[in-house]
Amino acid sequence: MEGTNNSAPGNFILLGFSDHPHLEKILFVVILIAYLLTIVGNTTIILVSRLDSHLHTPMYFFLTHLSFLDLSFTTSSIPQLLYNLSGRDKTISYIGCAIQLFLFLGLGGVECLLLAVMAYDRYVAVCNPLHYMVIMKPRLCMGLVSLAWGCGVANSLAMSPVTLHLPRCGHRSVDHFLCEMPALIRMACINTAVIEGTVFVLAVGIVLSPLVYILVSYGYIVRAVLRIQSASGRQKAFNTCGSHLTVVSLFYGNIIYMYMQPGHNSSQNQGKFLTLLYNIVTPLLNPLIYTLRNREVKGALRRLLLGDRERKRS
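Reading the values: rules and limits
Residues numbered from 1 in each chain as written. Predicted model: local features only at pLDDT ≥ 70, side-chain atom pairs only at ≥ 80, totals over all residues. Heavy atoms only, no water. Helix = DSSP H or I, 4+ residues; strand = E, 2+ residues; numbered from the N terminus. Contact = heavy atoms within 4.5 Å. Areas by Shrake-Rupley, 256 points an atom, 1.4 Å probe, with all protein chains shown as cover. Disulfide = S-S within 2.5 Å. Expected span 1.5 Å × (residues − 1). Buried < 20%, exposed > 50% of the residue type's maximum accessible area, 1.4 Å probe, protein only. Arc of directions from axis to C-beta. Pairing = 2+ DSSP bridges. Salt bridge = Lys/Arg side-chain N within 4 Å of Asp/Glu carboxyl O. Core = buried A, V, L, I, M, F, W, Y, C linked by side-chain atoms within 4.5 Å. pLDDT = per-residue confidence, 0-100. Phe/Tyr/Trp six-rings, centres within 6.5 Å; stacked < 30°, edge-to-face > 60°.

A few words on the overall build of the chain. What the chain contains, in helices and strands, is 12 helices and 3 strands. When contacts within the chain are restricted to residue pairs at least 6 apart in sequence, those whose partners lie at least 24 apart make up 78%. Summed over all atoms, the accessible surface of the chain reaches about 15,200 Å², with 66% contributed by carbon and sulfur.

Pasting the structure below:
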């Protein structure tokens, strides 16, 4: 850490896992491997969804955006983390910190809303299957995705400047591996109760409201599935929704813990590892969840890999 003492005045110091130096090399290798697998997995989902005409449906349109979000989300912080883990330099510039905070808040908000949009898509597919393609027109799909992106970016535009401009009385050490809102709020040398209250209200709007909608949608979905007479029909319906519900559980389990109790209320070390889980493990698992549980994606992968040979056999 001595190498950071001469850092430029505008820089922040990301303490990260420096209080566990014996873990840094191990974390570097594990995170690098996970990051590369995340890139491969999500890029594969995007390419398969775009290249295979069988997957040109609303569900895979939304899945493509989810994979792009996951790629952007991990890339907003993991390269900086790998750099800091690889040596004694733990600094990040003020501009870099601001960009990281903006992307982290914005992309996280977009994902909350996109998962709610995907829940609506599954609701229409299960509860109104005969009118699915009529309701889920390309224009509506694009409008829903645009709304998710717009609200997520607006939330970040509202909270990032407020967080960055909190007086820190010369404190530059961020007790985290990225410029994340609760860690920056903890650095403030003033009473942050008002800011934390504002964060809580916005979190209810952009985190809990989509979750409530998702849960209500799945209540209707479960009721519709239980009315299906055939066991195979029920199984198909559950498989259609199972992947999305698994992703929702992984995503919201972490984000609610971190952002519904900001600032001084959250455990610092626990918050670091939860953020790491939320930032690298969830995006890594999402492609696996959708490919392992989804026959259409596996079929598309086979068609793309085998090409003409597969077409001739079919």
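Don't stop here, the text continues.
Let us look at the state of the cysteines. Tallying each qualifying case throughout the model produces 2 disulfides. Here C97 engages in a disulfide with C179; their sulfurs sit 2.0 Å apart. Measuring the twist about the S-S bond at about -120 degrees, one finds the C97-C179 disulfide to be left-handed. Pair noted here: C97 is in helix α4 (residues 94-127) and C179 is in the loop between β3 (173-174) and α7 (181-186), with a separation of 82 residues, a long-range link.

In this section: helix α11 (residues 295-306). Over its 12 residues, α11 extends 16 Å from the first C-alpha to the last, a length consistent with the 16 Å expected when each residue adds 1.5 Å. Burial in α11 covers these residues: V297, G299 and A300. For α11, the angular spread of buried residues about the axis comes to 160 degrees, placing them on one side. With respect to the buried face of α11, the exposed residues turned more than 90 degrees away are R295 and L305.

Turning next to the side chain of T74. Within the secondary structure, T74 is located in helix α2 (residues 58-75). Contact partners of T74, with chain neighbours within four places excluded, come to Y35, T38, P79, N279, I280 and P283.

Moving on, we come to the sheet that holds strand β2 (residues 91-92). Pairing in this open sheet of 3 strands is mixed, and the strands run β2-β1-β3 from one edge to the other. For this open sheet the edge positions go to β2 and β3, each flanked by a neighbour on one side alone. Relative to β3, strand β1 (residues 12-14) is paired through 2 bridges, and the arrangement is parallel. Residue L14 lies in a different strand from β3, and its bridge partner there is V174.

So, about the pattern of salt bridges. Inspection of the entire model under this criterion finds 2 salt bridges. Taking the shortest distance from any N to any O, the salt bridge between E24 and K90 comes out at 3.1 Å. Of the two residues, E24 sits in helix α1 (residues 21-51) while K90 sits in the loop between α3 (78-85) and β2, which places them 66 residues apart along the sequence. The residues E24 and K90 share a single accessibility class, namely buried. In this structure, D121 engages R122 in a salt bridge whose closest nitrogen and oxygen atoms are separated by 2.7 Å.

It is worth spelling out the nonpolar core at this point. In a soluble, globular protein the nonpolar side chains are often hidden away together inside. Membership of the largest hydrophobic core comes to 65 residues, with the highest contact counts inside it found for F62, L115 and Y252. Considering every element that reaches this core, the biggest residue donor is α4, with 13 residues. The contacts of L115, once residues within four sequence positions are left out, are L66, I214, H244, V247, V248, F251 and Y252. In terms of nonpolar packing, the next biggest core, distinct from the first, is built from 20 residues, L101, I185, A188 and I195 among them.

Glancing now at the confidence of the model for the chain. Residue-level pLDDT values for the chain average 83, and 89% of them are 70 or greater. Ignoring residues within four places in sequence, the model shows residues 1-9, a span with pLDDT below 50, making 17 contacts including any to other chains. Every residue in residues 262-266 scores below 50 in pLDDT, and together they form 13 contacts with partners more than four places removed in sequence or on other chains.

Another aspect to go through is the packing of aromatic side chains. For the structure on display, the rule yields 11 aromatic pairs. Between F104 and Y278, the ring centres sit 5.8 Å apart and the planes meet at 90 degrees, which makes this aromatic pair edge-to-face. Of this pair, F104 sits in helix α4 while Y278 sits in helix α10 (residues 268-292), and the two are 174 residues apart along the sequence. Side by side, F104 and Y278 carry an identical accessibility label, which is buried. A connected cluster of aromatic rings, assembled from ring pairs, spans F73, F104, F251, Y252 and Y278.

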